[in-house]
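# What the coordinates show
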Amino acid sequence: MKAWIAATVVVLLSLTTNAFGVEPMEALRGPIERGLQIIKDPELQAEDKKDEQRRLLKQEVWSVFNFEEISRRALANNWRLFDEAQRERFVDLFSQLLFETYISKIRSEYQDEAVVFLDQEVTDDRAKVFTKVTRESVETPIDYSMKMIDGHWQVYDVRVENVSLVGNYRSQFSKILLRNSPDHLIESLRKKVQGKSS
Amino acid sequence: MKAFRFWVVAVMMVAAIGCAHQQGTGLQSGTTTTQTLLGPAEAEPVEPVPPTFAVTPDPLYGLNVAMFELNDRLYFWLLKPLATGYRAVFPEPVRTGVRNFFYNLTAPIRIVSCLFQAKGPQFGSELIRFLMNSTVGVLGFGNPAAKYPDLTPPEEDLGQTLGSYGIGNGFYIVWPFLGPSTLRDSVGRFGQTFLNPVSYVEPWHSYIGIRALDLTNDLSFRIGDYESLKEAALDPYEALKDGYLQRRAAQIKE
């Protein structure tokens, strides 16, 4: 019996070490560096290559950002007010909003901004990766909260200068949902996203 | 004018102390609103809402929204064009020098704040930084202290000092020009005017000119930040408010 327990422990331990084989910082570094490469690539900057650039960027972003987790956390307990279809719509629109705003910002203002990966803190299946972005002589700390989901390190929150993105949206969503229905919130998101892509 | 200033401070102080006393009850009512707002917890994993943000009330909401709108227009019609022009004229090293100069001038605020919070090592760092940048850095235009990571401690102020004493935000306030604040941080900010050498500049139009240079120079590094916040937000007022409160809470915790 004891031998069995010991064996199980050994197997479990080896499984976890395998699962945690890729460091969170490395899991994040790849997509971010490739993303910046895609933005800088002169061949992709032509007007007719915009869709291609967007497709490649999406691939990188979606590989490490878990938008369902981000949406769930941003809605907090309001998540339960949403039925299955509404949740799906919400995750889809919210991820588009985040993608469009931040990509367009980086694209328009990317002037030799450098991303430096500073440090990481790992506890069990959670991790924080600390980075800073340097623009002119201004340094902006950006920290990523990551979680091991389905065997991959995935981002569920971003803190820019100590302001949590999820927390910021949570306060907006809960204020809106105080007086309005989930459908109303979904509709405002849709309008906001539509205003961006056009 | 002086008498008016005195009364403003006196009223704020009394109000701040009142809030500090009410903090216990304020927290309780805050928690209950959060609960009714979010309903009973569910099996699905959701992050608990950090109570500090839910607690900060916004009794001046109507006025604050009006001030927010005013600041929004001030930004797009006046401050942004000004800072954009300024940025086009002065190269980055000059603007960095000006920023360093003003940052160095406000060293007394940080030094006193460290002292009041009994932050010994930080107090030393701020003092050495001030002496080094004022001399080797030529009146603070240069920042030779930047070479030593220990000499760039997190920026302390009187609002944070009050916060470290357990004084809560009180309530949220939006000031014209100055933007988001709370009752506690406004009291701190007012106290800081006595520690900031620029406040002693006479006559008043020179004072306004220097303040305008400081603000414009500062803004020249941050053009676009407010736009992105607004772009990303469904409710820009709420986004700015939450961002301010989150940042302050983090600074106080540091």
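Now for a quick tour of the structure.

The rules we used
- Residues numbered from 1 in each chain as written.
- Chains lettered and ligands numbered in written order.
- Predicted model: local features only at pLDDT ≥ 70, side-chain atom pairs only at ≥ 80, totals over all residues.
- Heavy atoms only, no water.
- Helix = DSSP H or I, 4+ residues; strand = E, 2+ residues; numbered from the N terminus.
- Buried < 20%, exposed > 50% of the residue type's maximum accessible area, 1.4 Å probe, protein only.
- Contact = heavy atoms within 4.5 Å.
- Pairing = 2+ DSSP bridges.
- Axes fitted to C-alpha atoms, helices over the stretch in contact; angles between N-to-C directions.
- Parallel < 35°, antiparallel > 145°, perpendicular 65-115°, else oblique.
- Left-handed = near helix turned anticlockwise from the far one by under 90°.
- Nonpolar A, V, L, I, M, F, W, Y, C, P; charged D, E, K, R; others polar.
- Patch = residues over 30% accessible without salt bridge, like charges linked within 9 Å, V, L, I, M, F, W, Y side chains within 5 Å.
- Areas by Shrake-Rupley, 256 points an atom, 1.4 Å probe, with all protein chains shown as cover.
- Salt bridge = Lys/Arg side-chain N within 4 Å of Asp/Glu carboxyl O.
- Lys, Arg positive; Asp, Glu negative; His and termini not counted.
- Charge placed at Lys NZ, Arg CZ, Asp CG, Glu CD.

### Section: the overall build of chain A
In terms of regular secondary structure, chain A is built from 7 helices and 5 strands. Start at the N end of chain A and walk to the C end: the helices and strands fall as α-α-α-α-α-β-β-β-β-β-α-α. Within chain A, the fraction of its 198 residues that count as buried is 45%. Long-range pairs, those at least 24 residues apart, make up 53% of the contacts in chain A with a sequence separation of at least 6.

### Considerations on the sheet that holds strand 1 (residues 114-123) of chain A
Residue and element names in this part refer to chain A. Read from one edge to the other, the open sheet built from 5 strands follows the order 1-2-3-4-5, with strand pairing classed as antiparallel. Either end of the sheet is taken by a strand with one partner, and the two such strands are strand 1 and strand 5 (163-164). One ladder, built from 10 bridges, connects strand 2 (residues 126-135) with strand 3 (residues 138-149); its direction is antiparallel. Opposite Arg135, over in strand 3, you have Val138 as the bridge partner.

### Brief notes about the packing of helix 3 (residues 61-89) of chain B against helix 10 (residues 225-232) of chain B
Residues and elements named next belong to chain B. Their axes nearest at 12 Å, the elements helix 3 and helix 10 cross at an angle of 135 degrees. One way to sum up the angle between helix 3 and helix 10 is to call them oblique. Of the two possible hands of crossing, helix 3 and helix 10 adopt the one that is left-handed. Counted together, Phe68, Asp72, Tyr75, Phe76 and Lys80 of helix 3 and Tyr226, Glu227 and Lys230 of helix 10 form the full contact between these two elements. Of the residues in the contact of helix 3 with helix 10, the class split is 4 nonpolar, no polar and 4 charged.

### Quick word on a negative patch on the surface
All names here are of chain A. A contiguous patch of negative charge, built from Asp83, Glu84, Glu88, Asp92 and Asp183, is present on the exposed surface. For the negative patch, the element with the most residues is helix 5 (residues 84-109), which contributes 3 residues. Its location among the elements puts Asp183 in helix 7 (residues 182-197).

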